[in-house]
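Working through the structure, step by step
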Amino acid sequence: MGERLQVFLVFLLYFLLVIGFLFGKRGVMVVSTNDREQWGSRLGFIMAAAGSAVGLGNIWRFPYVVGMNGGGAFVLIYLAIVFIIGASVMLAEMAIGRGAGLNAVGSFKKLGGGAWPLVGWMGVIAGFIILSFYGVVAGWTIAYMLKSFTGLMEVASQGKAGDAFGAFVSNPTQVILYQALFMFGTIWIVFKGIGEGIEKYCKVMMPGLFLLLLVLILRAVTLDGAMKGIEFYLKPDFSKVTGGTVLSALGQGFFSLSLGMGCMITYGSYLNKDEALPSAAFTVTFLDTLVAFLAGFAIFPAVFAFNMEPAAGPGLTFITLPSVFSKMPMGAVFSFVFFLLLFFAAITSSVSLLEVCVAYFKDELGWDRAKASWVLGLVIFLLGVPSALSLGGHFPKIAGKDFLDAMDFVASNLLLPLGGILISLFAGWFWLDGCKKEISNQGRLPFVFEGIWVWICRLVAPVVIAIVFVKGLKW
Ligand code: PFF
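If you're wondering where the values come from, they're calculated on a predicted model, not measured in any experiment.

On to the site of the ligand. As a matter of local geometry, the ligand sits amid 15 residues, with Ala53, Gly57, Tyr134, Phe255 and Met261 nearest to it. Serine 52 places a polar main-chain atom, nitrogen or oxygen, 3.2 Å from a nitrogen atom of the ligand. Asparagine 58 is positioned with one of its side-chain polar atoms (N or O) 3.3 Å from an oxygen atom of the ligand. Starting from 340 Å² of accessible surface for the ligand in isolation, the protein chains cover 100%. In this structure, the ligand is accommodated by the largest cavity. For the shell around the ligand, the elements supplying multiple residues, two or more each, are α2 (42-53), α3 (56-68), α12 (243-256) and α16 (331-365). Per-class residue counts for the shell around the ligand are seven nonpolar, eight polar and no charged.

The following block contains the structure:
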């Protein structure tokens, strides 16, 4: 009962904060003009888009998927898929967004009409769903930053990191509190707007993330026995490459590049008409892949140097790594650095998820940014509570899956691939001329790969994604 009361108090606190904000800010809100907000600079846009792409998916999932799928052999396949299909779909999304100058739903309404806005709708719904559980896991990174200095190292050095993680995620008050904190940060940044919020924070956090990653890599590769980890990570093992490998490369690539839900449409809509889109899409794809690839060098050498198991996902991040850090001199500092890195990666992605929803409510329903950010943020936070409770078994399973996994499944395996297929078809067949004009800045900027890009959008991407989609339907 005490526990429930605490959960209730957390809610109440959150609610009060929201109400306070809505009313407190009303008087000083900038009167909205008809001008759409814009990125302050090309660099700002690239940092924001790369911030969206580089997320939790890059730091823990990519290295593990590489290690288990044939190392270097997988990396080659991933590179081919991401740079051919991923970059093309990203370019299509940016072109649609900038062409329409609107949110995902509005863009399809303006450029396509008919049933096309449904694609944008799916994106907005995916945004709600993904952010609801993303906020839960991202909240753990805040908790673990603090725990790094408050006993986590001692517990982990006694081999009890797993028990500590289990106890943490089964404590609803703790999990919901950190989820609320994380969501508060996300809402705050989105509420501040495009230039003064998302761009400003991404421009600091993305270089920061890179720096922290380099610190961790330097530490990891200079440990005795680091080579074994690098071997596990990269040694090409072609026997592990199967049809399934290609599927996991595409699934991973799509989620990692934030494609299929109108995120790049939304970000593209704030971009100046003179900027070159192809190089922007390429740069964002490159940065996302670079960070994913480098994350493996920070993780595996350390895991192998201390003879730990390279486990998957949350297990590796929240159990194995604290144990690894506890064995290093100054482990608490490296642990803090690692979770801060994860936090930066997560929040620069979560703001893009919220922005997809906020942009829709702003453009289509006429809400102001403050109202859209705080109200939608609160709704998404509430939607995430069942996910937060599900890990400790405090929420009923859905057809055998934890609520969090079920949400992840619906968004990542259904909505994103379906969105990806439809967006490619829209760009390749339905709005091709408009897309070509947008990509070439009305003919002023020659796009050498145009012919290839068109056929990737028309045929290659829809067919390949459709195969992944059908395979991924297994609950
Ligand atoms: N790309 C993010 C990651 O790798 O963690 C997740 C994500 C963000 C997916 C934004 C979709 C999106 F629109």
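Structure's up, so let's keep going.
Once that is clear, we can look at helix α6 (residues 117-147). The terminal C-alpha atoms of α6 lie 45 Å apart, and with 31 residues this matches the ideal 45 Å at 1.5 Å per residue to within 8%. Glycine 135 marks the point of greatest bend in α6, at about 25°. Most of α6 is tucked away, with 26 of its 31 residues classed as buried.

In this section: the pattern of salt bridges. A complete count under the given rule lists 14 salt bridges for this structure. Here glutamate 37 and lysine 362 are joined by a salt bridge, their closest N and O atoms 3.2 Å apart. Separated by 325 residues along the polypeptide, glutamate 37 in the loop between α1 (2-26) and α2 and lysine 362 in helix α16 bring together distant segments of the chain. When its relative accessible area of 25% is taken as the criterion, glutamate 37 is described as partly exposed. A relative accessible area of 22% places lysine 362 in the partly exposed class. Measuring nitrogen to oxygen at the nearest pair gives 3.7 Å for the salt bridge that ties glutamate 275 to arginine 42. Here the residue glutamate 275 occupies a position in the loop between α13 (263-268) and α14 (277-305), and arginine 42 occupies one in helix α2, the gap between them amounting to 233 residues. Accessibility expressed as a relative area gives 18% for glutamate 275, which makes it buried. According to the relative accessible area criterion, arginine 42 is partly exposed, its value standing at 24%.

Another point: empty space enclosed by the protein. Take a probe with the size of a water molecule and roll it over the atoms, and the empty space left behind shows itself. The tally for this structure, following the rule as stated, stands at four cavities of 30 Å³ or more. Roughly 150 Å³ of volume is contained in the largest cavity. Along its surface, the largest cavity is lined by 16 residues, and Ser52, Phe255, Ser258, Ser349 and Leu353 are the ones closest to its centre. Take the lining of the largest cavity: its biggest share by element is three residues, from α16. In this structure, the second largest cavity spans a volume of roughly 60 Å³. Taken together, Leu216, Arg219, Ala220, Ala298, Ile299, Ala302, Leu321, Phe325, Met328 and Phe338 make up the lining of the second largest cavity. Broken down by secondary-structure element, the contributors of at least two residues to the lining of the second largest cavity are α10 (194-221), α14 and α15 (313-326). Among the residues forming the lining of the second largest cavity, the class breakdown is nine nonpolar, no polar and one charged.

In this section: α2. With twelve residues, α2 extends 16 Å between its outermost C-alpha atoms, agreeing within 8% with the 16 Å of an ideal straight helix rising 1.5 Å per residue. In terms of residue burial, α2 counts as a mostly covered element, since ten of its twelve residues are buried. Among the residues of α2, Gly44, Phe45, Ile46, Met47, Ala48, Ala49, Ala50, Gly51, Ser52 and Ala53 are the ones counted as buried.

This next bit is on the layout of surface pockets. In this model, the largest pocket occupies a volume close to 950 Å³. Listing elements by their share of the lining of the largest pocket, those giving two or more residues are α3, α6, α12, α15, α18 (403-430) and α20 (450-471). Class assignment for the residues of the lining of the largest pocket results in 23 nonpolar, eight polar and four charged.

For leucine 177, the position within the fold is in helix α9 (residues 172-192). Residue leucine 177 is classed as partly exposed on the basis of its relative accessible area, which comes to 36%. Expressed as a C-alpha distance, the spacing of leucine 177 and tryptophan 140, which sit 37 residues apart in the sequence, is 9.9 Å.

What follows concerns unusual backbone geometry. One non-glycine residue, asparagine 307, adopts positive backbone phi at about 55°. Note that asparagine 307 resides in the loop between α14 and α15. Backbone geometry places glutamine 442, a non-glycine residue, at a positive phi of 60°. With respect to the helices, strands and loops of the structure, glutamine 442 is situated in the loop between α19 (432-439) and α20.

Reading the values: the criteria
- Residues numbered from 1 in each chain as written.
- Predicted model: local features only at pLDDT ≥ 70, side-chain atom pairs only at ≥ 80, totals over all residues.
- Heavy atoms only, no water.
- Near = heavy atom within 4 Å.
- Polar contact = N/O pair within 3.5 Å; in protein donor to acceptor, adjacent residues only side chain to side chain.
- Areas by Shrake-Rupley, 256 points an atom, 1.4 Å probe, with all protein chains shown as cover.
- 1 Å grid on protein atoms, 1.4 Å probe; cavity = no way out; pocket = protein on both sides within 12 Å on 5 of 7 lines; lining within 4 Å.
- Sits in = over half its atoms within 2 Å of the grid points.
- Helix = DSSP H or I, 4+ residues; strand = E, 2+ residues; numbered from the N terminus.
- Nonpolar A, V, L, I, M, F, W, Y, C, P; charged D, E, K, R; others polar.
- Expected span 1.5 Å × (residues − 1).
- Bend = angle between axes of the 7 residues up to and from the residue.
- Buried < 20%, exposed > 50% of the residue type's maximum accessible area, 1.4 Å probe, protein only.
- Salt bridge = Lys/Arg side-chain N within 4 Å of Asp/Glu carboxyl O.
- Points joined across faces, edges and corners; volume = space filled by probe spheres on them.

In short, geometric facts, not functional conclusions.
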